[in-house]
Amino acid sequence: MNSFKQGVKKVKNFISGKRENATENATLKNEPVNSTGYGNHAASSTKRSVVGWISSLSDPIDDIERNVETMRERSRDLYMGAPIASGSLKSIVTNVVGYELKLNAQIDGDFLGLSQEEAEAIEDKIEREFEYWADSKNCDANRMCDFGQLQQLALLSTLASGDCFAILPYKKRVGSLYELTVKLIEADRICNPVINTFYEERLINGVEIDSTGEVIAYHIADKHPNSSLTGQNDWKRIEKYGKLSGRLNVIHLLDIERPEQRRGIPILAPVIEGLKQIDRYTDAELMAAVISGMYSVFITTEASQQGEFGGGFGEADDDEEDNSKINIGNGSVTFLREGEKIQESNPGRPNPNFDAFTTAIFRQIGVALEIPYEVLMKHFTSSYSASRGALLEAWKMFKKRRIWLAKNFCQPIYEEFLAEAVLKGRIHAPGFFDDPLIRKAYCSAEWNGPTQGQLDPKKEVEAAILRIESDLSTRTREAQELTGTDFFRNHELRKREEQLRNEAGFNAPVNINIQSDKSDEGGEKE
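In this text, all values refer to a predicted model and were calculated from it rather than measured experimentally.

(A) Inspection of the overall build of the protein at higher detail. Summing up its helical and strand segments, the protein has 15 helices and 12 strands in all. Burial status across the protein gives 34% buried among its 526 residues. Contacts in the protein between residues far apart in sequence, at least 24 positions, make up 66% of those at least 6 positions apart. Surface exposure of the protein reaches about 34500 Å², of which carbon and sulfur atoms provide 52%.

What follows is the structure, encoded as structure tokens:
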């Protein structure tokens, strides 16, 4: 017994010595120890909570460019197979673009010396010409999409892959007034000509830069580098801007989160691991529930009924009845053989904690994607105030991304279209090619998409009326935000409607009580 105690004591001393040596080594490694300011908190190297925290500083090339291909393939895999990943991206596209962002030409008539009537006439002409081009599949180089569908595809590809590219080739087509087309290019095709390399001198993942870091060209593969049908692949170098004209040749859509970053990061990148784990967990729980729903049972046998060698030699007689399978059905009675009995399998599903656990994870995913849980899951069961707060918070992100898409995709394409329209003489714009400021004045525009969702339209309209009457807003703005329409067009249409009603004798006024009814808010929990 004494020998046993002595052995235990030696082991304790050995472990204690190792801990002391580890502490001394850590202290020597980090000498001098900073015990002031952030050294006691975020930068501490002695607190147990941060001892296992492995981190390092590096440039965007190592942090992003080296890993962007792996993030891209995992993000796409989740989009194709994980419902939450797919639903979140589609929700963003639906709320940002809807079917399409519509052009609302807003030329600067004061700068151009035009009267309001003249400016409105030019705007109507421009919008009519652009609508003709945008509504036709001739605007797509592949003749697959109209301009609204191109907007949806460009945004979805950017979200899933991290970035998306577009070039603007001219193609003369029978029956089309315009030759401008838009060709979207998937992120994978912009890569280095040397396979399996992401970095060469001044060439990073297909993006070529000069000595100052300015992007000057893109290297685009003719075919997808990883396609099973790809044989000999060739790369084409396209300069970002034309040397003589300054024309934008390549549109690169991406969100930049670090200086000197060249390629985009999929929006799912921060939650890829969590989404994959929750997807596996969901599949496991679903399978367990299916098995439980089948009412599985096992047949146990007290004594073996096989021969000395366990059977398996020779062939069974054809006339012998096969009793190895027992079917369980509605109202069926099955007799077991002697020595056999049924033992039930109870997986304990559905799991009562499944919903609470997944809800907590989905809330974290929603925070990373800037989508409140209620909007992410389309689950509005809280009070009116809480649900409206979630919609307003989500709308901030949707509106930001709409402005980003309009500025970086819609507007450059529209400016290229307008230049062709002026060259062909379909739009009269004196000085368009002579002065960049005049060109900008003609190209000024707004891009309008779907309006914000309304939980209680009556309350929203009452609030809009109060804002207008208090001079806090305008009818033009409220018409756009509530219904996505133009007030002046609504006004002209209303004049015609009222005129027709009066001519037909339907001139009785309609009285609407817009007094707020607060009774519908009673009893709700915030």
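(B) Representation of a nonpolar patch on the surface in the model. Residues Leu-286, Met-287, Val-290 and Ile-291 make up a contiguous nonpolar surface patch of roughly 350 Å² in combined accessible area. Considering the arrangement of structural elements, one finds Leu-286 in helix α8 (residues 272-293). We classify Leu-286 as exposed; its relative accessible area is 53%.

(C) How the structure looks around the confidence of the model for the protein. Per-chain confidence: the protein averages 83 in pLDDT, with 79% of residues scoring 70 or above. Between the elements of the protein, mean pLDDT differs from a low of 55, seen in helix α1 (residues 2-29), to a high of 97, seen in strand β3 (residues 183-185). Contacts from residues 309-314, a stretch scored under 50 in pLDDT, to residues over four places away or in other chains number one contact. Low pLDDT, under 50, characterises residues 518-526; the predicted model gives this stretch nine contacts beyond four residues in sequence or across chains.

(D) Focus on the nonpolar core. Counting residues in each nonpolar core, the largest one holds 76 residues, and the members touching the most others are Trp-133, Phe-147 and Phe-409. Per-element tally for this core: the top contributor is helix α11 (residues 384-423), with 18 residues. When residues no more than four places from it in sequence are discounted, the contact partners of Trp-133 are Cys-139, Phe-147, Tyr-178, Leu-180, Val-182, Ile-413 and Phe-417. The next biggest cluster of nonpolar side chains, apart from the first, holds 12 residues, and it includes Phe-165, Val-207, Ile-220 and Ile-238.

(E) Main features of the packing of helix α3 (residues 68-81) against helix α7 (residues 147-161). At a minimum axis separation of 8 Å, α3 and α7 run at an interaxial angle of 120 degrees. Along its contact with α3, which presents Arg-72, Ser-75, Arg-76 and Tyr-79, the element α7 presents Leu-156, Leu-159, Ala-160 and Ser-161. For the contact of α3 with α7, the residue count by class is four nonpolar, two polar and two charged.

(F) Focus on the sheet that holds strand β7 (residues 215-221). Reading across from one edge, β4-β5-β6-β7-β8 is the order of the five strands in this open sheet, with antiparallel pairing throughout. If you trace the sheet from one side to the other, it starts and ends with β4 (199-200) and β8 (235-239), each paired once.

(G) Highlighting the pattern of salt bridges. Taken as a whole and assessed by the stated rule, the structure comprises 24 salt bridges. Put simply, Arg-258 and Asp-63 hold a salt bridge, and the shortest N to O gap is 2.6 Å. Residue Arg-258 is found in the loop between β9 (250-254) and α8, and its partner Asp-63 is found in helix α2 (residues 60-65); the two are separated by 195 residues along the sequence. Accessibility expressed as a relative area gives 35% for Asp-63, which makes it partly exposed. Two residues, Glu-416 and Arg-247, come together in a salt bridge whose shortest N-O distance is 2.7 Å. Here Arg-247 lies in the loop between β8 and β9 and Glu-416 lies in helix α11, a separation of 169 residues in the sequence. Owing to a relative accessible area of 12%, Glu-416 belongs among the buried residues under this scheme. Linked through salt bridges whose partners overlap, the residues forming this network are Glu-208, Arg-237, Glu-239 and Lys-243.

(H) Inspection of α3 at higher detail. With 14 residues, α3 ought to run about 20 Å at 1.5 Å a step, and its terminal C-alpha atoms sit 20 Å apart, in line with that. Residues of α3 that are buried include every one of Val-68, Met-71, Arg-72, Ser-75, Arg-76 and Leu-78, and no others. Axial view of α3: buried residues confined to an arc of 160 degrees, hence all on one face. Seen from the buried face of α3, the exposed residues on the opposite side, beyond 90 degrees, are Arg-74 and Met-80. Its buried side turned inward, α3 meets α2, α4 (83-96), α7 and α8.

(I) Region of the structure containing the environment of Lys-276. Within the secondary structure, Lys-276 sits in helix α8. Discounting chain neighbours no more than four positions away, the residues touching Lys-276 are Asp-77 and Leu-78.

(J) Geometry of the pairing of β9. Most of β9 sits out of view: five of its five residues are buried. Burial of β9 is two-sided: the residues Val-250, His-252 and Leu-254 facing one way and the residues Ile-251 and Leu-253 facing the other way are all buried. Here strand β2 (residues 163-167) pairs with β9 via five bridges, running antiparallel. Across the sheet, residue Ala-166 finds its bridge partner in β9, namely Ile-251.

(K) How the structure looks around the sheet that holds β9. The antiparallel open sheet is built from three strands, whose spatial order is β3-β2-β9. On the outer flanks of this sheet lie β3 and β9, each paired with one strand and no other. Sheet twist, expressed as the average angle between the axes of neighbouring strands with direction ignored, equals 25 degrees. Pairing analysis gives three bridges linking β2 to β3, with the strands arranged antiparallel. Bridge assignment links Ile-167 to a residue of β3, and that residue is Lys-183. Along the sheet, α7 contacts β2, β3 and β9; its crossing angle with β2, the most-contacted strand, is approximately 140 degrees. Along the sheet face, α11 touches β2, β3 and β9 and points at about 170 degrees away from the line of β9.

Each value, and the rule that gives it
Residues numbered from 1 in each chain as written. Predicted model: local features only at pLDDT ≥ 70, side-chain atom pairs only at ≥ 80, totals over all residues. Heavy atoms only, no water. Helix = DSSP H or I, 4+ residues; strand = E, 2+ residues; numbered from the N terminus. Buried < 20%, exposed > 50% of the residue type's maximum accessible area, 1.4 Å probe, protein only. Contact = heavy atoms within 4.5 Å. Areas by Shrake-Rupley, 256 points an atom, 1.4 Å probe, with all protein chains shown as cover. Patch = residues over 30% accessible without salt bridge, like charges linked within 9 Å, V, L, I, M, F, W, Y side chains within 5 Å. Salt bridge = Lys/Arg side-chain N within 4 Å of Asp/Glu carboxyl O. pLDDT = per-residue confidence, 0-100. Core = buried A, V, L, I, M, F, W, Y, C linked by side-chain atoms within 4.5 Å. Axes fitted to C-alpha atoms, helices over the stretch in contact; angles between N-to-C directions. Nonpolar A, V, L, I, M, F, W, Y, C, P; charged D, E, K, R; others polar. Pairing = 2+ DSSP bridges. Expected span 1.5 Å × (residues − 1). Arc of directions from axis to C-beta.

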